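Chain by chain, the residues run as shown.
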Amino acid sequence: MLEPPVVVPTVRDEIERGERAGYEYLGVAVDALGESLPIREVPSEADDSDIRDHLDIGEAESILGVLAHGGAVATDDLAARRVAERRDLPVTGSIGLSCLVSNASRSTAKRLTSGSMGGANTEGTTRRSRA
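Keep in mind that what you see is a predicted model, and the values were worked out from it rather than measured. (Residues numbered from 1 in each chain as written. Predicted model: local features only at pLDDT ≥ 70, side-chain atom pairs only at ≥ 80, totals over all residues. Heavy atoms only, no water.)

A short note on the overall build of the protein chain
For step 1, the next point in the chain: Within the protein chain one finds six helices and two strands.
For step 2, the next point in the chain: Its helices and strands taken in sequence order, the protein chain reads α-α-α-α-β-α-β-α from the N to the C terminus.
For step 3, the next point in the chain: A burial count over the protein chain gives 34% of its 131 residues as buried.
For step 4, the next point in the chain: Carbon and sulfur atoms make up 49% of the accessible area of the protein chain, which amounts to about 8200 Å² in all. (Helix = DSSP H or I, 4+ residues; strand = E, 2+ residues; numbered from the N terminus. Buried < 20%, exposed > 50% of the residue type's maximum accessible area, 1.4 Å probe, protein only. Areas by Shrake-Rupley, 256 points an atom, 1.4 Å probe, with all protein chains shown as cover.)

A few points about the side chain of Ser 62
For step 1, the next point in the chain: With respect to the helices and strands, the residue Ser 62 is situated in helix H4 (residues 57–69).
For step 2, the next point in the chain: By relative accessible area, Ser 62 is classed as buried at 7%.
For step 3, the next point in the chain: Apart from residues lying up to four places away in sequence, Ser 62 is in contact with Val 8 and Val 11. (Contact = heavy atoms within 4.5 Å.)

Here's the deal with the confidence of the model for the protein chain
Do not read the fine detail of predicted coordinates wherever pLDDT is low.
For step 1, the next point in the chain: Looking at the protein chain as a whole, the pLDDT averages 74, with 67% of positions reaching at least 70.
For step 2, the next point in the chain: Between residues 115–131, whose pLDDT stays under 50, and residues either more than four places distant or in other chains, the model counts 19 contacts. (pLDDT = per-residue confidence, 0-100.)

Focus: the environment of Glu 14
For step 1, the next point in the chain: Residue position: Glu 14 is located in helix H1 (residues 9–20).
For step 2, the next point in the chain: Distance in space between the C-alpha atoms of Glu 14 and Gly 58 is 7.9 Å, their sequence separation being 44 residues.
For step 3, the next point in the chain: Apart from the residues within four sequence positions on either side, Glu 14 is in contact with Ile 57 and Gly 58.

Considering the packing of aromatic side chains
For step 1, the next point in the chain: Applying the stated rule across the entire model yields one aromatic pair.
For step 2, the next point in the chain: Both rings, one in Tyr 23 and one in Tyr 25, keep their centres 6.2 Å apart while their planes meet at 80°; by these two values the pair is edge-to-face.
For step 3, the next point in the chain: Judged by relative accessible area, which is 48%, Tyr 23 ranks as partly exposed. (Phe/Tyr/Trp six-rings, centres within 6.5 Å; stacked < 30°, edge-to-face > 60°.)

As for the packing of H1 against H4
For step 1, the next point in the chain: Where H1 meets H4, the axes come as close as 8 Å, and the angle between the chain directions of the two elements is 140°. By the angle between their directions, the pair H1 and H4 is classed as oblique. Touching Thr 10, Val 11 and Glu 14 of H1 are Ile 57, Gly 58, Glu 61 and Ser 62, all from H4.
For step 2, the next point in the chain: The residue inventory of the contact of H1 with H4, partitioned by class, reads two nonpolar, three polar and two charged. (Axes fitted to C-alpha atoms, helices over the stretch in contact; angles between N-to-C directions. Parallel < 35°, antiparallel > 145°, perpendicular 65-115°, else oblique. Nonpolar A, V, L, I, M, F, W, Y, C, P; charged D, E, K, R; others polar.)

What follows is the structure in structure tokens.
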């Protein structure tokens, strides 16, 4: 089973900018940020110029974040996938992320409707995190 991806602030910012620019499909990812997709800072000492010199900032920080915190690198960028694979890091792409978010959403919905969240409304009420 693939470990949950690590999302770094740079990638979160890119996703949020994309949604604001009109790429509405990114709304699912924005909703998942901080919930099923945790945000992890890249430690300041995580400076691997080999990675930073060959990749854009989002991919580079994603790989550095996984090296620091564990998880999987989420990218569709071929160069980033190759760097991650050379370092034996698990990699997923947009389809893998979609499956992860979808499974997390189904799991949350199931807990809400089964009442297993300790005092949750068991009448099938769901909550949306964004207005």
